Structure formats: C-alpha cells, structure tokens
Amino acid sequence: MVSMVVVLIVCLGIFLPISRSEAFNALSPAQQKKAVVELLTEVPLIDGHNDLAWNLRKFVHNKLEKVNLSTNIKYLEPWSVSKWSHTDLLRLREGRVGAQLWTAYAPCGSQHKDAVQITLEQIDLIKRMVEQYSSYLQLAQTAQEITDAHKSGRIASLLTVESGHSIGTSLAVLRMFQRLGVRVLTLTHNCDTPWADCSQADKPGAKPTHNGLTTFGQTVVKEMNRLGIIVDLSHSSIQTARDTLAVSEAPVIFSHSSAHALCNSTRNVPDDVLRIVAERRGLVMVNFFSYFLTCSNHSTLNDVISHINHIRRIAGIDSVGIGASYDGISAVPKGLEDVSTYPALFTALLASDSWSIDDLKKLAGLNFLRVLKTVEEVAAAGLQ
C-alpha cells in the first residue's frame, strides 16, 4: 500500500501539472509518515556521529546497569537536566535509525597521558552496550553487515575513534584498534596531534603547528587505507584536509561537519574542499549543532536543510550525508531535538521539489555504504 503511495507521488509529478511537493503535501500526515517509513525501511538511515558512550562515562561511570537505555531516559536524571543528552535506544528506533557510528572519545587533556586507555575503555563500553541490548543493536564492521543488521530490524553499530591522539602516535595501536573492530578514525579533535593540525589552526591569528599533515601523518593515512579504516576529517584544519585528500587512496568522510559558506566556523567545510571531496568520491555528513549551522545558539530544521542543500549543490548528491553529533552538542535545532526526529527531516525534504526518493536514499545511507565498500576494496587490493 505504501509503495503505491510512493508510485502515485512520482506519477503525479510526471504526468500532471503538479509538483512532487504538492503531491506529497496532498497526502495525510499518516500517509506522509508511511512514505518516509518505507524509504527508511528500504535503506538504512546511517548517522555519522553519536557521543552517547561519553555521556555514559560521565553520568554513570560506564556502569550500564545504572541506566535502562531501552526506555526514554530524557525523563530521568541526570539525563533530563543535561543539554548534552539526546539518545536512547527507544528514541533511536522511533527515529528509524538503521546504523549508528558510535564514538569512542578521549579528550584532548588525555593526550600524551592516558588517551589510549580511555579509548579502550570507551570501545569496551560500546561493545558491552551492543551485547546487552542485542535485540536493538548489532555490531557491524562492513557495508554488508550494516545491510544485514538493518534487514534484521536491528541498528547496525560501528566503532569509531574520535581523536588521532588516541593512537598515541603508534601504528601498532592503530592496528590493534582495527582488530577490535574500529572502522573510522577522526584524525584530530580540538587539539593538534604530533602529526596533524586541528581546525583551531584556522582561527584568525592562529599559527599552525605543522602546516597540515606531517610525513608521519601521511603514513597514518596510508596505514588506515591498508587496514580498511575510514579517514574522518571532522575537526581537522583545512590544510590537513587538503593534504589528506591528496594522499588517501580511499575516499574520506567528514563525519559531523557542516557548510562553511553558511556558517564560518572553522569546524565547517569550505566550498573548495567540498569540491575536492566530491572529486575523491568522499562524503560530508551534516552536523546539527546550532553553532555550526547559524553561528549562534539558535537554529531550526530548515537550517539543517540549508546546509544539506548547499553541500549537495557544491559537492553533488553523492557526497552528502547526516552526522548529527547528538549527545555531543548542547544546542540543537528546533524540530530536531533528539534522535527520534530524523523522520521530520526526511518528510520536509520529500515535501520539497528538490529531493526525489532516490536522492533521499543516497542521503540516508547509500552514500556512506558506497564509501565504506570502496574503503574495503582499497584495503583488499593492498593486502594482496
């Protein structure tokens, strides 16, 4: 029945003097919801960044028995009084999320100290969470495993490490992370590593430490290509991003960044880099943090759409995705308050004249799956 609704929308747009948006808006809210549900049933909605694991460390000290993530925890302290809390498994399911990149994070203050240990503890926590809530979650390391988990009705869970300092300037640690299942590494956080500049280098008056990626940094990127780990350039300086795009054989991602042309935060991606990302078949996954959307603490769903549309316009439909950064941001857009609200975004896009069903499938997850498959192919070729 829902398929017939979608076909009707398309047919109306082709054969009658009526726009897709008018056809979609003519449906009842229940019918619109069904159309979006079908879309996100066919293709997994893949979000590039979520910091729930860090909040579990902060709030319950990694003791999973202290919170029931299968309930709506926004009504429970300390989650209810925190501006940084937007995630639980009940709301992820309501939001039709098909795959989540869970972040193992170590703060900049841990660099040269206990960053490796903290990261390992975060990886352990994410794995225990997946095991404890196996009816909701399924660990995934490949594009096929994401697809299989989604088909089974569970949320594919990918391990990501956010901060290059987590490897302790050691390729051996990087290789061990890969063996533990890590499939994405963010080269920097809000601090330079000994081998790469972060986005702080792009602030007015700042002096870069390395002027981008060092020779060892290039070795890290090449080893990530060999291991099948996706290179993530969110938090990297512009020059680090350019250097990485020049050296990486596999496509890269910005897992949670927005468009610099619309908000000139150093955490956002300028148009010239967007074009290079597109040339290299990479992906920019839009962050929902208000300060990266409007350069203020106020934003709306429409501001997120503006960033998505801008990246699509500059880099193309194959290079845009979603990386909300829930549980790692303190100011969220009105209409996208937590992980349960993704369908509202897809409903709004579908109601416009700019997005077809096939376009939205790419935005939702097909673009990320393509990147991951290519990363896997580059790794397989290098291991032969």
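These lines cover the structure that appears in this document, whether it is placed above or below.

Thresholds, definitions, all that
- Think of each chain on its own: its residues are numbered from 1, step by step along the sequence as written.
- Local features are withheld for residues below a pLDDT of 70 in this predicted model, meaning they are given only at 70 or higher, and side-chain atom pairs are given and counted only at 80 or more; totals for whole chains, interfaces and linings count all residues.
- With hydrogens and water stripped out, all remaining heavy atoms of the structure feed into the side-chain values.
- Each residue gets one of three labels from its accessible area relative to the maximum for its type: buried under 20%, exposed over 50%, partly exposed in between, using a 1.4 Å probe on protein chains only.
- A run of DSSP states H or I qualifies as a helix once it reaches four residues; a run of E qualifies as a strand once it reaches two. Both are numbered from the N-terminal end.
- Whether two strands pair comes down to DSSP finding at least two bridges between them.
- A right-handed crossover is one whose linking path, passing over the helix from the first strand to the second, runs clockwise when the strands point away from the viewer.
- This arc is built from the directions going out from the helix axis to the C-beta atoms.
- Whether two residues are in contact is decided by their heavy atoms, any of which lying within 4.5 Å being enough.
- Definition of a polar contact: a pair of N or O atoms within 3.5 Å, with one able to donate and the other able to accept a hydrogen when the atoms are protein atoms, and with sequence-neighbouring residues admitted only if both atoms are side-chain atoms.

1. Things to note about the pairing of strand β4 (residues 155–162)
Each regular strand displays side chains that alternate between the two surfaces of the sheet.
Then, number 1: Burial within β4 is extensive, with eight of its eight residues counted as buried.
Then, number 2: The alternating pattern of β4 places Ile155, Ser157, Leu159 and Val161 and Ala156, Leu158, Thr160 and Glu162 on opposite faces, both of which are buried.
Then, number 3: Taken together, the seven bridges between strand β2 (residues 97–105) and β4 define a ladder with parallel strand orientation. Bridge pairing in β4 links Thr103 to Thr160.
Then, number 4: Sheet topology places strand β3 (residues 137–139) next to β4; three bridges connect them, and they run parallel. If you follow Gln138 over to β4, its bridge partner there is Ala156.
Then, number 5: Taking the sense of rotation as the criterion, the β-α-β connection linking β3, helix α7 (residues 143–151) and β4 turns out right-handed.
Then, number 6: Across four bridges, the pairing between β4 and strand β5 (residues 182–186) is parallel. Counted as the bridge partner of Val161 is Leu185 from β5.

2. Here's the deal with helix α8 (residues 171–179)
Then, number 1: Those residues of α8 not exposed but buried are Val173, Leu174, Phe177 and Gln178. Projected down its long axis, α8 shows its buried positions confined to an angular sector of 145°, all on one face.
Then, number 2: Along its buried surface, α8 packs onto α6 (115–132), β4, β5 and α9 (215–227).
Then, number 3: The opening residue of α8 is Ser170, an N-cap whose side-chain oxygen sits 3.3 Å from the backbone nitrogen of Ala172.
Then, number 4: One or two positions beyond α8, positive phi appears at Gly181, with a value near 110°.

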